Amino acid sequence: MAELTISNARLREGVWQGLLVAPQENAELPEIEVLHFAEALRDVRLRPDAEMANVWTLSVPIPAALVSDGVQTFLVKEKSSGRTLARFAIAAGAPLEEDLRAEVEFLRAELDLLKRAFRRHCLETAQ
């Protein structure tokens, strides 16, 4: 089964938009949900593109109540399969610097772990 993809995503004036593309001809309108902390957002709109077949414009208005200090992450999912098609984040406020620092430290630790595992693998397979 061919998979849906999202391209040309952007956030403008409080609305996240992306183009949802189905690779097969005559694709049915997919069911999409956008989640924030496992809660589905309301007013998510999906409308066919006027110029391209099998393409829909996805519009996700971000409620003002969800814009707060820190990083707010949203998942765009296909309902039928549960597959995540895209994710986007909104970062704001004073705690942002601490959140980003913690995330970078976490990524560095994971990278170090992967480097050690890769080096160990290379030594084991070279023998």
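Look up a bit, the structure's there.
Only a predicted model underlies this, so the values are computations on that prediction, with no experimental measurement involved.

The rules behind the values
Residues numbered from 1 in each chain as written. Predicted model: local features only at pLDDT ≥ 70, side-chain atom pairs only at ≥ 80, totals over all residues. Heavy atoms only, no water. Salt bridge = Lys/Arg side-chain N within 4 Å of Asp/Glu carboxyl O. Helix = DSSP H or I, 4+ residues; strand = E, 2+ residues; numbered from the N terminus. Buried < 20%, exposed > 50% of the residue type's maximum accessible area, 1.4 Å probe, protein only. Pairing = 2+ DSSP bridges. Axes fitted to C-alpha atoms, helices over the stretch in contact; angles between N-to-C directions. Phe/Tyr/Trp six-rings, centres within 6.5 Å; stacked < 30°, edge-to-face > 60°. Core = buried A, V, L, I, M, F, W, Y, C linked by side-chain atoms within 4.5 Å. Contact = heavy atoms within 4.5 Å.

Right, let's get into the pattern of salt bridges. Per the counting criterion, the structure on display carries two salt bridges. Between Arg83 and Glu3 there is a salt bridge, and its shortest N-O distance comes to 3.5 Å. Here Arg83, found in the loop between β7 (70-78) and β8 (84-92), pairs with Glu3, found in the segment before β1 (5-12); they are 80 residues apart in sequence, far enough to count as distant. One salt bridge connects Asp112 with Lys115, and the closest N-O pair in it is separated by 3.6 Å. With Asp112 and Lys115 both in helix α1 (residues 96-126) and three residues apart, this pair spans about one turn of that helix. For Asp112, a relative accessible area of 34% gives the class partly exposed. The exposure class assigned to Lys115 is partly exposed, which follows from its relative accessible area of 36%.

Before going further, it helps to examine the sheet that holds strand β6 (residues 55-61). What the four strands build is an open sheet, ordered β1-β2-β6-β5; its pairing is antiparallel. Each of the sheet's edge strands pairs with one partner strand only, and the pair in question is β1 and β5 (45-48). Taking each pair of neighbouring strands and ignoring which way they run, the sheet shows an average axis angle of 20°. In the sheet, β5 pairs with β6 via four bridges, with the strands oriented antiparallel. Residue pairing for β6: Arg45 is matched across the bridge by Ser59.

For the rest of this paragraph, the subject is the sheet that holds strand β3 (residues 32-36). Hydrogen bonds along the backbone pair up the strands of a sheet, which may run parallel or antiparallel. Taken in spatial order, the four strands of this open sheet run β4-β3-β7-β8, and their pairing is antiparallel. One side of each edge strand has no neighbouring strand; the edge strands of this open sheet are β4 (39-40) and β8.

What follows is about the pairing of β1. By the bridge criterion, six bridges tie β1 to strand β2 (residues 15-21) in an arrangement that is antiparallel. Residue pairing across strands places Ile6 opposite Leu20, the latter belonging to β2.

Once that is clear, we can look at the packing of aromatic side chains. Aromatic ring pairs are defined here through the distance separating the ring centres and the angle between the ring planes. Following the criterion strictly, the structure yields two aromatic pairs and no others. Note on Trp16 and Phe88: the rings are 4.6 Å apart at their centroids and 5° apart in plane angle, and the pair reads as stacked. One end of the pair, Trp16, is in strand β2; the other, Phe88, is in strand β8, with 72 residues separating them in the sequence. Of the two residues, Trp16 and Phe88, neither departs from the other in class, the shared state being buried. With 4.9 Å between their ring centres and 15° between their planes, Phe74 and Phe88 make a pair best called stacked. With Phe74 in strand β7 and Phe88 in strand β8, this residue pair connects regions lying 14 residues apart in the sequence. Among the aromatic residues, ring-to-ring pairing joins Trp16, Phe74 and Phe88 into one connected group.

We now examine the nonpolar core. Counting residues in hydrophobic clusters, the biggest one holds 19 residues, and the most contacted among them are Ile6, Trp16 and Val76. Listed by contribution, the elements that provide at least two residues to this core are β2, β3, β6, β7 and β8. It is β8 that provides the largest number of residues to this core, a total of four residues. Leave out the neighbours within four places in its chain, and Ile6 touches Trp16, Gly18, Leu19, Leu20, Leu58, Val76, Leu85 and Ala86.

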